[in-house]
Amino acid sequence: MDRNQILTEIGIDIWIRSDEMGSKPDTPIKLKLDIAKQAALTDSSALQQQRIGQTPQKLDNGSSMDLLKAEVLVCQRCQLSKSRFRAVPGLGDIKAKWMFVGEAPGAEEDRQGEPFVGRAGQLLDNIFRALGVAREDIYISNILKCHPPTNRDPRSKEIDGCRDFLNRELQIVNPSVVIALGGVAIRELLQNDMPIDNLRGKVHKVASSEIPCIATYHPADILREPS
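The structure displayed is predicted, hence computed values, not measured ones. (Residues numbered from 1 in each chain as written. Predicted model: local features only at pLDDT ≥ 70, side-chain atom pairs only at ≥ 80, totals over all residues. Heavy atoms only, no water.)

Novice: Run through the sheet that holds strand S8 (residues 212-216), naming residues and quoting values.
Specialist: Within a sheet, neighbouring strands are paired by backbone hydrogen bonds and run either parallel or antiparallel to one another. Strand order across the open sheet formed by 6 strands is S3-S5-S4-S6-S8-S7, with mixed pairing between neighbours. Of all strands in the sheet, those with a lone pairing partner are strand S3 (91-92) and strand S7 (203-205), marking the two edges. As defined by bridge partners, strand S4 (residues 98-102) adjoins strand S5 (residues 139-142) across 4 bridges and the pair is classed as parallel. The residue of S5 that forms the bridge with Met-99 is Tyr-139. Strand contacts of helix H9 (residues 156-173): S4, S5 and strand S6 (177-181), with the helix running at about 170° to S4, the strand carrying the most contacts. (Pairing = 2+ DSSP bridges. Helix = DSSP H or I, 4+ residues; strand = E, 2+ residues; numbered from the N terminus. Contact = heavy atoms within 4.5 Å. Axes fitted to C-alpha atoms, helices over the stretch in contact; angles between N-to-C directions.)

And the structure:
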């Protein structure tokens, strides 16, 4: 899959040169959002009834999330606690309709202590603009809460150590839909090892709940893909 196909999948605007399409220079081409198309399906009453949270929480969501973030910041469940600069808890509206979940914090996220603030985060912001929503209206998190050295793939023990954090985030936020960004997030959320191309374009369910989930590419895939 080439760069433009990946851009199309996650809804990034691209610019096509005039000699490629026979029109004036730098004509903006608005690419249709697969995410938006699929997420619209989650507005049905049937899917809404599948969401977590049909029973009241014992603690109010704000207090629960504050406690969760405090635990993440001092977590020492795995070796990443020794190499990280900062742990990176999820961020955003705890009443958000949409929850985006990536793989792990990168180097910039490790420095700032917030998810998706690096180059991949800038591309993710383009998705939000295309959806017509603000970043502060969405909840964003990662499978891992600490940066793996050299951006290596997360290890099983690290994912296991963070699983409780993610499950609690899902329970507190109780989103209408989860957007799984990239292979690691998709495998963990869906408990499915099938390739992304076989899973995208459909509405799945988060394995630990009945929350609708959409599988798509991670914004970082575009940065790694040659033009």
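Novice: Tell me about the pattern of salt bridges, residues and numbers included.
Specialist: Applying the stated rule across the entire model yields 11 salt bridges. Between Asp-160 and Arg-163 there is a salt bridge whose closest N-O contact spans 2.9 Å. Taken together, the positions of Asp-160 and Arg-163, both in helix H9 and 3 residues apart, correspond to about one turn of that helix. Judged by relative accessible area, which is 45%, Asp-160 ranks as partly exposed. Look at Arg-163 and you get partly exposed, because its relative accessible area is 30%. When the shortest N-O distance is used, the salt bridge between Arg-163 and Glu-188 registers 2.5 Å. Placement of Arg-163 in helix H9 and of Glu-188 in helix H10 (residues 183-190) is noted, with a sequence separation of 25 residues between them. Of the residues examined, Glu-188 reaches a relative accessible area of 13% and is grouped as buried. Among the charged side chains, a network of salt bridges with common partners joins Glu-71, Arg-77, Asp-164 and Arg-168. (Salt bridge = Lys/Arg side-chain N within 4 Å of Asp/Glu carboxyl O. Buried < 20%, exposed > 50% of the residue type's maximum accessible area, 1.4 Å probe, protein only.)

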